[in-house]
Amino acid sequence: MHITNEEELVSAVDKMRLAGTDLTEYELKSASGGIPKETAESISAFANSSGGVIVFGIRESGGFHAVDIDTKSVQAGAAQAARELVEPPQAVEILVLEFEGKPVVVVNVPEAPVREKPCYVKKYGQINGSYIRTGDGDHRMSLYEIDRFIENQLRAARNDIAVVKEAELDDFDNGLLEGWFARVRATSFGRSATMSDEELMANRRVIDYDENGVARPTIAGLLSFAEYPQKYYPRLNVVFTSYPTSRKGETGPGGQRFSDTVNIDGPIPAMVVETVRAVSRNMKHGAIVKGALRENVPDYPLPAVREAVANALMHRDYSVDGQGTPVTVDLYPDRLEISNPGGLFGILTIEKLGTGGATASRNQFLSRILEDVPYADYDGRVGRVVENRGSGYPTINRELEEALMPNPISRSSLDGFQIVLRHRKMTEQEGKAYSKSNVEDAILAFLSERESASASEIAKASGIGVKTIREYISRLLDDGTLDAIGTRNSPKRRYRFNG
């Protein structure tokens with residue numbers, strides 16, 4: 001967000017007047033007595049957020065009007081704050097514009113590069129002097145937020161390979177582990193052929209060694225292969241909740257705050273499957289009338305739900321500070337929200353999601369392990385937990401597009417990421433009810449795509465009883481639109497389109 005001329009300045013002030021306060025992207029400072037002492041804090045906050053504009057010479061109280069300032073002194077003070085009072089120094093743009101016939105100083109503060117965050121006020125130090133912009137104010141960052149910035153700055157988080165000192169190799173599910181061994185050895189071009197199982201696990205960071213040289217699971221290994229990782233980390237799980245209304249905390253018609261709620265435990269492969277099943281059993285599986293009879297359509301395409309859940313578990317924050325927060329899956333009548341601790345990692349942004357295979361792994365070792373973990377998916381197909389090729393978000397977009405649904409809404413902050421799938425809206429054509437005419441048309445469309453079909457097959461496809469379907473078939477036989485194959489009362493009698 002930048003202000004580069006008087007028109008943009010007037011527009012920004014009008015927005016603030018309407019709101020009655022500063023906005024997230026704008027900070028007004030009177031500066032009638034000189035450069036305010038908190039200027040460095042505002043530069044830090046904007047640099048650590050999405051950038052913003054500091055305007056000196058407009059007083060918020062009294063209706064957002066211009067005041068007299070020492071323009072030269074304010075310019076010098078703003079430049080000093082940006083270059084000398086914060087670390088690292090920030091390259092701001094300083095302009096002198098006119099507002100209500102008086103000069104004001106506009107300071108455009110760009111968002112700092114990932115490698116420079118957190119930007120902090122020198123005299124307070126990094127821990128006490130790092131600020132972030134929230135609402136209309138500058139707020140001191142928490143230790144957790146600072147840690148996430150440093151993690152991004154280093155471009156390498158290693159929380160997923162921390163040794164779980166209480167865990168043992170006996171915690172592993174041998175079935176999952178053996179499938180992984182087979183997959184890795186089949187796809188490593190012979191590099192793992194001479195390694196023992198323990199060497200292979202150590203090289204892939206499934207295990208590591210404690211201070212006594214004892215082999216123990218890492219967090220990545222535990223979450224990929226342990227029968228019950230929650231024995232050691234009870235909140236590294238998924239909490240699914242179905243709500244009766246569109247607002248959390250409201251009660252439904254029966255006085256209940258939840259329609260369904262469950263803690264989903266186990267290794268990541270199991271949590272992915274069980275979470276998709278929980279969503280599936282709590283949403284509607286409607287039917288639409290189109291083409292060849294009825295087509296079952298869920299409120300949300302399950303492949304998209306699966307990808308979102310797998311991404312949340314793979315990319316969530318596994319640091320000590322994040323281990324007390326589960327992945328949450330909240331189903332409302334109008335939307336499905338999937339949230340995980342830890343925002344987007346590295347250089348990945350909301351705008352880059354789903355474009356050109358964009359990916360950045362906070363948990364590099366966990367992601368690599370999950371590529372090769374075989375498991376039976378919610379629909380019974382055997383596959384891998386993740387592809388780890390930046391394909392998860394494009395898959396979500398594609399599944400939603402094919403279901404005629406809007407793209408998801410994504411939100412990312414330092415401490416969390418959320419993806420929101422909006423409830424499917426039936427089109428007028430899709431949602432129309434069966435009538436005599438469209439059932440006959442649908443039967444003909446169904447048979448035109450096949451050599452023949454029985455009455456029970458047509459009934460199953462339409463969701464209409466066999467007796468009713470036979471009545472329609474009888475009329476179509478009478479007018480010569482259909483031909484029958486087999487004797488009248490035979491259970492094997494079939495019908496074909498005479499077109």
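The coordinates are above.
Residues numbered from 1 in each chain as written. Predicted model: local features only at pLDDT ≥ 70, side-chain atom pairs only at ≥ 80, totals over all residues. Heavy atoms only, no water.

**Q** Just give me the short version of unusual backbone geometry, but keep the residues and values in it.
**A** The step from Glu87 to Pro88 runs through a cis peptide bond, and the omega angle for that step is -5°. Summarising the element assignment, Pro88 is placed in the loop between β5 (86-87) and β6 (93-99). In this structure, Pro118 follows Lys117 across a cis peptide bond, with omega equal to 0°. If you trace the backbone, Pro118 turns up in the loop between β7 (102-109) and β8 (120-121). For Phe64, which is not glycine, the phi torsion reads 60° and is therefore positive. Along the chain, Phe64 turns up in the loop between β3 (58-59) and β4 (65-66). What makes Phe64 buried here is its relative accessible area of 6%. Unusually for a residue other than glycine, Glu100 sits at a positive phi of about 55°. Looking at where Glu100 falls in the secondary structure, it is placed in the loop between β6 and β7. Glu100 gets classed as partly exposed once you look at its relative accessible area, which sits at 42%. (Helix = DSSP H or I, 4+ residues; strand = E, 2+ residues; numbered from the N terminus. Buried < 20%, exposed > 50% of the residue type's maximum accessible area, 1.4 Å probe, protein only.)

**Q** Could you give an account of the packing of aromatic side chains, naming the residues involved and the relevant values?
**A** Tallying each qualifying case throughout the model produces five aromatic pairs. Their ring planes at 50° and their centres at 5.5 Å tell us that Trp180 and Phe181 sit as a pair that is tilted. With respect to burial, Trp180 and Phe181 carry one shared label: buried. Judged by centre distance (4.8 Å) and plane angle (10°), the rings of Tyr243 and Tyr332 are stacked. Taken together, the residues span a long stretch of sequence, with Tyr243 in the loop between β13 (238-242) and β14 (260-264) and Tyr332 in the loop between β17 (327-331) and β18 (335-341) at a distance of 89 residues. Accessibility expressed as a relative area gives 7% for Tyr243, which makes it buried. Given a relative accessible area of 5%, Tyr332 falls into the buried group. (Phe/Tyr/Trp six-rings, centres within 6.5 Å; stacked < 30°, edge-to-face > 60°.)

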